[in-house]
Amino acid sequence: MSDHEVHLGPGWDSRWMAGCCDPRGCDRMFSARFAKRMAAGYRKRGLDKTAQKIVEMVAAGGVQGATVLEIGGGVGEIQLELLRRGAASATNLELSPEYEPEAAALIEEAGVGGRVQRRLVDIAMDPAAVEPADIVVLHRVVCCYPDVAKLLGAAADHARQQLVFSHPPRNAMSRAFVGTHNLILRMTGRDFRTFAHSPDAMFAVLAEHGLQLRGSRSGRVWQVAAVSR
């Protein structure tokens, strides 16, 4: 197995919760077509604004020679940028296998095949299957997971130095959007669901696991926060 081949971790089975924790929900929502669009966008325009903020905040906390674990990294564009900035290696965890062909192509184009490992593992359901890293990243992930305390607790326990993540604000607008989005998903027969978790509750979980807020940056849709030990 090469370093960027998919590894089906022991947590990959049929007993997962509904939504993005269910492989069927993720496969339909994050399809091969979606992956191609994400990869093409990265090749053409680079990182989106929120992803760029994540990279900058990670770099501010120290990236040189660090190991990176990205949970729900999609085609892996954030990892590639962190490797360019001096990270030693990156591990990507995904729930949908549909990203893998596009991710493999980007890894090859970047010439970092020996420094990236990609796995299909749900860290919240099987944290022991994943090794800790210096840096943990979650971009547009917490809003896809129903049990955010379990997810962030596992993520925090795997972060030796810092964790950087994006999340939507919890307000009337975000709750209305999530409600409408989930109604459409239900009407179209999809298992996937989105969530507007309380930021205060998420930071409380991270604090319980030894991570304190280092900085945050606001955007129109996404907030980015960095926590450190």
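The structure contained in this document is the topic of the report that follows. Just so we're clear, the structure is a prediction, and the values are computed from it rather than from any experiment.

One way to put it is that helix H6 (residues 148-157) packs onto helix H8 (residues 199-208) with a least axis distance of 9 Å and a crossing angle of 35°. Of the two elements, H6 crosses H8, and the hand of that crossing is right-handed. Along its contact with H6, which presents Val148, Ala149, Leu152, Gly153 and Ala156, the element H8 presents Met202, Val205 and Leu206.

For strand E3 (residues 89-94), a buried count of five out of six residues is recorded, marking the element as mostly surrounded by other parts of the structure. Bridge count for strand E2 (residues 67-71) against E3 is five bridges, and the pairing is parallel. Its bridge partner being in E3, Val68 is matched across the sheet by Ala90. The parallel pair E2 and E3 is bridged by helix H4 (residues 77-84), and the resulting crossover is right-handed. Relative to strand E4 (residues 116-120), E3 runs parallel, the two being bridged by five bridges. Its bridge partner lying in E4, Leu93 is registered against Arg119. Crossover connection from E3 via helix H5 (residues 100-110) to parallel E4: handedness right-handed.

Here is what the cut-offs are and how they apply
- In every chain, residue numbers begin from 1 and rise along the written sequence.
- With pLDDT at 70 or above as the cut-off, local features in this predicted model cover only qualifying residues; side-chain atom pairs require 80 or more to be listed or tallied, and sums for whole chains, interfaces and linings still use all residues.
- Computation of side-chain values covers all heavy atoms of the structure but excludes hydrogens and water.
- For helices, the axis comes from a line fit to the C-alpha atoms of the stretch in contact; other axes are also lines fit to C-alpha atoms, and the angle between any two N-to-C directions lies between 0 and 180 degrees.
- Numbering of helices and strands runs from the N terminus, with a helix taken as a DSSP run of H or I at least four residues long and a strand as a DSSP run of E at least two residues long.
- Note on convention: the crossing is left-handed when the near helix lies turned anticlockwise from the far helix by less than a right angle, right-handed when the turn is clockwise.
- Working rule for contacts: check all heavy atoms of both residues, and any pair within 4.5 Å makes them a contact.
- Each residue is assigned to one of three classes by its accessible area relative to the maximum for its type, calculated with a 1.4 Å probe on protein chains only: buried under 20%, partly exposed between the two thresholds, exposed over 50%.
- At least two DSSP bridges between two strands are required for those strands to pair.
- The handedness of a crossover follows from its direction of travel: if, with the strands pointing away from the viewer, the path from the first strand over the helix to the second runs clockwise, the crossover is right-handed.

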